[in-house]
Structures are given as C-alpha cells and as structure tokens.
Amino acid sequence: MLYKALSKADSYKQKLFKQHSMDQDPKSWPAMAGYCLLLFLCLCQSWPTVNCQHTWQEAFKALGISYNPDGTLNRQIQIPMVNATPSVDPTMPTPVALSSDVRISALSKAFVRLYRPVNPPANTKLPLIIYLHGGDFVLYSASTVIFHDFCNNIAAQFPAVIVSVEYRLAPENRLPAAYDDALNAIFWVQSQAIGYFGRHPWFQYADFSRVFLLGSSAGANIVYHTALRVLDFNLQPLRIRGVLLNQAFFGGIQSTPSELRLVDDPYVPLYVCDVLWQLALPTYANKDHEFCNPLTGGSYLGRVPRLPKFFVKGDEGDPLVDRSKQLVQLLQSYRVPVVSQFNQGGYHGIELSNTTAAQQLYTAMKNFVYSTGLTEDENSQASM
C-alpha cells in the first residue's frame, strides 16, 4: 500500500519535471508544491498506525481536525474565540484588563492583541511581554478565550503591557513560518518604540528596556527559537531581559522516560504528538530536526551562550516535562542563567483549567519578571 502511494506520487512528479524545469521556470514551483502535498497525503493514507498502536485517523479525531479537498485543515475548534475589549463599557462588568487588536502589516493579515491594565499605575513604566500562545502549531489563535484570559490576568496582576502574537498555523504554513511571525512582531514592537509612523497610545505605559518573551507549549517552542534568532539583530531601543517557557513543546526520535511513562496521557498522548510534528515540521524533516529537538545542534546552537536569563516551568504529570529538563541542562552547560520550576503532579495546560495552578504560575512569572535585570534595591522592592 505504501509502495503504491509512493509510485502514484512519483509518477505525478515525473510528469511535472517533463513539463517544466524548476531551475528555469519559477512558474513550476506551485506545481511542485502540489506534488509535495500529494506525497504527504499519500503517506498519511498509507501509514496504518502511529507508534504501532494508533492510526492517523485517531489522532485527527482527538485533535478535532480533518483535511479539506485543497489540503488545508478543517479545524472543528470547540474553544470559542472572543473579541478584544478596548474600553470599559459602563453597562457591562469591568474587564480584568483592556485589549485591542492591531494590524502590524499593511501587506498581510498579521495582527497582535495588545493588553494593558484597566488602571495603570501612575508615573511607572511597565514591563513589556511578548506572548506566543499554545496549540501545537496547528490550532487556536491569540483571540482564543483561554489565551485571551491568560493575557488578561498577566496584564492585570503583574502589571504589564502584553503583546500577544497571532501567528500562522501548520500544516498550511510549516515551521519556520511561526518563528518568522514572532520575529516580525518583535520588529513591529521595535518600530513602535522608535516611533516610526506613530505609536499606539498604550505603549506609553511600556518600558521598552524591560522586554520579555513568554510562550506556552508550542508558543514556548516558538519563543525559544525566536530568542535565538533575534540575537543577530540590533533591537535598540528594545532590550530583551528574559525568556519564559511554560511547558514547552519539544520532541525527539528517542522517547524520554516521561513520554514512555505517560505514553497514553489524555492531554498530549505520544501518538498525537507524533502526528502534530509531522504536520508542523518542514517536509521530510524528522523529530530530531532542531525545530523539534534543540539538543541535536543545528544552526542555532552556537548562539545559545548569548541568550538572556530563562524561566522554565514544567509539571511531572506532563509527558513533555523531560524535554524541558533537558533544555535546562543544555542552557546551564552554556552558563545561561536559568530559574527552573518542576511541580509534582499536574498535566499539560493545567494553568488553563486549574485556578490554583494558574495563580501559582502567575506569581512565579511575576517574581521572575520583576527581579530580572534590576538593581539590589529594586529587587528588594519587587519582592515586597
């Protein structure tokens, strides 16, 4: 069955090559992209199992996704999306924080959702946090209610100004598309700091010298790779003080003890993770590609010693927890300052459904943000 699928796809490829030379005619590139998609779909149909026990159909059902005829995904998302709340409506309950959607490019649909406290403290600049949401690279949006509420709470409790990035999803836009979107959002924040073409009024509350990158799950993966990529650019007047990773979504060919121990975890079972990586990674890449497994080296490894201070949080009940522990060891081996927190029990995404766990995370992240890069006097005030 696999042989027939490959033969069918290869026959299509040979036909394309007879019609066009990719080196000579760029018009053939979309056709070759169609071949790559056909090959991927044939392989999907031909692999009867994932991890020898589960099928692709099971994984797709668990994720609430299916293929459309054009190769895009139909996402039957059960978690609603919500509008921003840019002002206080006297007829409605006072929001936890204010939020506003802002287009960051006239050439695309790219946008960010800004957050600020309802009543920012007077005469005080707030830390600026650039946030990347979770969703396994395949699902959700900056406007999905669970991530919207997460940013609301951070903006209000820290307090802080939040820039939540809407990034392109896989498989329609495979990695590194999400990394590119995160990087472009940082460049947009830099243009706001400089004042090119004006500035959104909410940035009057932001301290551009205290910028932090924060990500959850797949967003933490994006944040890690983006933190490495921005090292090659002059971001003045921005200064990235720290990076916060919450239950980062990494992987690898060799399963870790936590993945084996929790192989059929109800939140992120290993067979679903395998399918997600095949949807998100560049075509033909495996799970030891640097986008998935940062321990394997790749083009970014030489930049690791230049990274700023890290906060890494995981939970022992999360199959992915060992990946975060491995990353902590990698960072420490390069003498990158790391604050790590690994909690007993828990599960992947616990802060989105457990208010106690969420509050503990908010407090830990706030302490990290308000103590990083400050003087001793400022540190003592931040801890009060």
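Let me begin by describing the structure that accompanies this report. (Residues numbered from 1 in each chain as written. Predicted model: local features only at pLDDT ≥ 70, side-chain atom pairs only at ≥ 80, totals over all residues. Heavy atoms only, no water.)

1. Notes on the overall build of the protein
Piece 1. The number of helices and strands found in the protein is 11 helices and 10 strands.
Piece 2. Within the protein, the fraction of its 384 residues that count as buried is 52%.
Piece 3. The contacts of the protein with a sequence gap of at least 6 include a subset with a gap of at least 24, amounting to 75%.
Piece 4. With an accessible surface of roughly 18100 Å², the protein has 54% of that area assigned to carbon and sulfur atoms. (Helix = DSSP H or I, 4+ residues; strand = E, 2+ residues; numbered from the N terminus. Buried < 20%, exposed > 50% of the residue type's maximum accessible area, 1.4 Å probe, protein only. Contact = heavy atoms within 4.5 Å. Areas by Shrake-Rupley, 256 points an atom, 1.4 Å probe, with all protein chains shown as cover.)

2. Some words on the packing of aromatic side chains
Piece 1. One pass over the structure, following the stated rule, counts 18 aromatic pairs.
Piece 2. Note on Phe137 and Trp277: the rings are 5.4 Å apart at their centroids and 50° apart in plane angle, and the pair reads as tilted. Separated by 140 residues along the polypeptide, Phe137 in the loop between β5 (126–132) and α4 (145–157) and Trp277 in helix α8 (residues 270–280) bring together distant segments of the chain.
Piece 3. A residue is classified by how much of its surface remains accessible, and Trp277, at 2% relative accessible area, is buried.
Piece 4. Members of the aromatic cluster, joined through ring pairs, are Trp56, Phe60 and Tyr67.
Piece 5. Residue placement shows Lys325 over the ring face of Phe342; its charged tip is 5.7 Å from the ring centre. (Phe/Tyr/Trp six-rings, centres within 6.5 Å; stacked < 30°, edge-to-face > 60°. Lys NZ or Arg CZ within 6 Å of the ring centre and 35° of its normal.)

3. Some details on the pattern of salt bridges
Piece 1. Applying the stated rule across the entire model yields 11 salt bridges.
Piece 2. Here Arg323 makes a salt bridge to Glu259, at a shortest N to O gap of 3.0 Å. One end of the pair, Arg323, is in helix α9 (residues 321–333); the other, Glu259, is in helix α7 (residues 257–261), with 64 residues separating them in the sequence. We note that Arg323, like Glu259, is buried.
Piece 3. Via salt bridges that share partners, Asp232, Arg303 and Arg306 belong to a single interconnected network. (Salt bridge = Lys/Arg side-chain N within 4 Å of Asp/Glu carboxyl O.)

4. Comments concerning the side chain of Asn293
Piece 1. Mapped onto the elements of the fold, Asn293 is located in the loop between α8 and β9 (309–315).
Piece 2. Taking relative accessible area as the criterion, Asn293 reaches 9% and is therefore assigned buried.
Piece 3. Contacts of Asn293, omitting those with residues within four sequence positions, involve Gly251, Gly252, Lys287, Asp288 and Arg323.

5. As for the pairing of strand β10 (residues 338–343)
Piece 1. Note that β9 and β10 share 6 bridges and pair parallel. Note that in β10 the partner of Phe310 across the bridge is Val338.
Piece 2. Traced from β9 through α9 to β10, the parallel crossover comes out right-handed. (Pairing = 2+ DSSP bridges. Right-handed = clockwise from strand over helix to strand, strands pointing away.)

6. Some points on the sheet that holds strand β8 (residues 240–246)
Piece 1. Spatial ordering of the open sheet is given by β3-β4-β6-β5-β7-β8-β9-β10, a layout of 8 strands whose pairing is mixed. Looking at which strands have only one partner, the edges of the open sheet turn out to be β3 (97–103) and β10. Averaged over all neighbouring strand pairs, the angle between strand axes comes to 20°, with direction disregarded.
Piece 2. Where strand β7 (residues 206–216) meets β8, 6 bridges bridge the pair, whose relative direction is parallel. Directly across from Val211, in β8, lies its bridge partner Ile240.
Piece 3. Its contacts with the sheet put α9 on β8, β9 and β10, and the angle it makes with β10 is roughly 160°.
Piece 4. Against the sheet, helix α10 (residues 355–371) touches β5, β7, β8, β9 and β10, its axis set at about 170° to β9. (Axes fitted to C-alpha atoms, helices over the stretch in contact; angles between N-to-C directions.)

7. Details of α4
Piece 1. Helix length check: α4, at 13 residues, gives a terminal C-alpha distance of 18 Å against a target of 18 Å (1.5 Å per residue), a fit within 8%.
Piece 2. Looking only at α4, the buried set comprises Phe147, His148, Phe150, Cys151, Asn152, Ile154 and Ala155.
Piece 3. Buried-residue contacts for α4 involve β3, β4 (111–117), β5, β6 (161–165), β7 and α10. (Expected span 1.5 Å × (residues − 1).)

8. Considering unusual backbone geometry
Piece 1. For the peptide bond that leads from Ala170 to Pro171, omega is 5°, which places it in the cis range.
Piece 2. Within the secondary structure, Pro171 sits in the loop between β6 and α5 (177–194).
Piece 3. Note that the residue after Leu175, namely Pro176, is joined by a cis bond; omega there is 20°.
Piece 4. Turning to its location among the elements, Pro176 is positioned in the loop between β6 and α5.
Piece 5. With a phi angle near 60°, Asp136 is a residue other than glycine that sits in the positive phi range.
Piece 6. Within the secondary structure, Asp136 is located in the loop between β5 and α4.
Piece 7. Looking at Asp136, the relative accessible area reads 13%, which means it is buried.
Piece 8. Positioned with a positive phi, Arg335 is a non-glycine residue whose angle comes to about 65°.

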